[in-house]
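# Breakdown of the fold
Now for the letters of each chain:
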Amino acid sequence: MRSNLNILRRDAPRPEIPVRPAILAFLEATRRERTTMTQKGYRQRLLVFADYCEERGIGLPITMNTFTSLVRVAGRACLQRKEVR
């Protein structure tokens, strides 16, 4: 009997997310931990990297850990928006 984890073939393309939204979510989630100047420097460098990835068609593979992290970040963002309102 085959495990459900073996449904995807090894050579099948894996789903990916674009790099830019991941970078923007990271910067938003961690902005309080940096000074304004550091935040601007990180943002500039990471967005140049995002441009590089977009030009070459590079994305982030979606794994269970990636999915869990995205849900966690989205949940925090929703909670912060509710506190502001």
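For the structure given in this document, a descriptive report is provided here. (Residues numbered from 1 in each chain as written. Predicted model: local features only at pLDDT ≥ 70, side-chain atom pairs only at ≥ 80, totals over all residues. Heavy atoms only, no water.)

### So, the packing of helix H1 (residues 19-29) against helix H2 (residues 36-56)
For the pair H1 and H2, interaxial distance at closest approach is 9 Å and the crossing angle is 165°. What the angle tells us is that H1 and H2 run roughly antiparallel. The interaxial crossing formed by H1 with H2 has right-handed handedness. Note on element contacts: H2 touches H1 through Gln39, Tyr42, Arg43, Leu46, Leu47, Phe49, Ala50, Asp51, Cys53 and Glu54, opposite Val19, Arg20, Ile23, Leu24, Phe26 and Leu27. (Axes fitted to C-alpha atoms, helices over the stretch in contact; angles between N-to-C directions. Helix = DSSP H or I, 4+ residues; strand = E, 2+ residues; numbered from the N terminus. Parallel < 35°, antiparallel > 145°, perpendicular 65-115°, else oblique. Left-handed = near helix turned anticlockwise from the far one by under 90°. Contact = heavy atoms within 4.5 Å.)

### Things to note about the packing of aromatic side chains
Counted under the stated rule, the structure contains 1 aromatic pair. Their ring planes at 20° and their centres at 6.4 Å tell us that Phe49 and Tyr52 sit as a pair that is stacked. Of the two residues, Phe49 and Tyr52 are both situated in helix H2; the distance of 3 residues between them amounts to about one turn of the helix. (Phe/Tyr/Trp six-rings, centres within 6.5 Å; stacked < 30°, edge-to-face > 60°.)

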